[in-house]
Amino acid sequence: YFSLLKIINFRLHKFFKIILYTDQKEYFFEFERFGIEVNHHDITKNEYFGLTKLKAIRDCLYNYEKILFFDSDIFFSEDPSRLFRFISSKSVLFH
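About the criteria used
- Residues numbered from 1 in each chain as written.
- Predicted model: local features only at pLDDT ≥ 70, side-chain atom pairs only at ≥ 80, totals over all residues.
- Heavy atoms only, no water.
- Helix = DSSP H or I, 4+ residues; strand = E, 2+ residues; numbered from the N terminus.
- Buried < 20%, exposed > 50% of the residue type's maximum accessible area, 1.4 Å probe, protein only.
- Contact = heavy atoms within 4.5 Å.
- Areas by Shrake-Rupley, 256 points an atom, 1.4 Å probe, with all protein chains shown as cover.
- 1 Å grid on protein atoms, 1.4 Å probe; cavity = no way out; pocket = protein on both sides within 12 Å on 5 of 7 lines; lining within 4 Å.
- Points joined across faces, edges and corners; volume = space filled by probe spheres on them.
- Patch = residues over 30% accessible without salt bridge, like charges linked within 9 Å, V, L, I, M, F, W, Y side chains within 5 Å.
- Salt bridge = Lys/Arg side-chain N within 4 Å of Asp/Glu carboxyl O.
- Core = buried A, V, L, I, M, F, W, Y, C linked by side-chain atoms within 4.5 Å.

(A) Spotlight on the overall build of the chain. The helix and strand inventory of the chain stands at two helices and four strands. Ordering the α and β elements of the chain from the N terminus gives α-β-β-α-β-β. When burial is assessed residue by residue, the chain has 31% of its 95 residues classed as buried. Counted over contacts in the chain with a minimum sequence separation of 6, partners at least 24 positions apart contribute 45%. For the chain, the computed accessible surface area is about 7000 Å², with 54% contributed by carbon and sulfur atoms.

(B) Spatial organisation of the layout of surface pockets. Put simply, the largest pocket is a space of about 890 Å³. In terms of lining, the largest pocket is formed by 33 residues, of which the most central are Ile 19, Leu 20, Tyr 21, Phe 69 and Phe 70. Elements with a contribution of two residues or more to the lining of the largest pocket: helix 1 (2–9), strand 1 (19–22), helix 2 (49–63) and strand 3 (68–69). The biggest single contributor to the lining of the largest pocket is helix 2, with five residues.

(C) Up close: a nonpolar patch on the surface. Side chains of Tyr 1, Phe 2, Leu 5 and Phe 75 sit close together on the surface and give an oily, nonpolar patch of about 420 Å² of accessible area. Tracing the backbone shows Tyr 1 in the segment before helix 1. Taking the relative accessible area as the measure of exposure, Tyr 1 reaches 42% and is therefore partly exposed.

(D) Looking closely at the nonpolar core. Grouped together as the largest cluster of nonpolar side chains are twelve residues: Leu 4, Ile 7, Ile 8, Leu 12, Ile 18, Leu 20, Phe 28, Phe 31, Ile 36, Val 38, Ile 74 and Phe 76. Counting residues per element, this core draws most heavily on helix 1, which supplies three residues. Among all residues touching Leu 12, those that are not within four sequence positions of it are Ile 7, Ile 18, Asp 79, Pro 80 and Ser 81. Within the second largest apolar cluster, six residues are counted, among which are Tyr 21, Ala 56, Ile 67 and Phe 69.

Take it as geometry only, folks, not as evidence of what the structure does.
Structure representation (structure tokens):
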């Protein structure tokens, strides 16, 4: 949640498409007013959480050209948009 607030603070949502993958969309609906796309992904009791994360990564790789993928517990101390210069169509940057 805090990482999304930092994205808004850095105004990244004005320049980049921000997509949130979650199994609890009701906690994040207010971010949609900033243009942040909230994708709901159900996690059943029988589905391993790590597999769900892999599905989200796969979805990003198939649908978007440049991807900066990070978990919600990431704390940005400065604007992360400069990281995009390290990403090409043949590379991905994960944290």
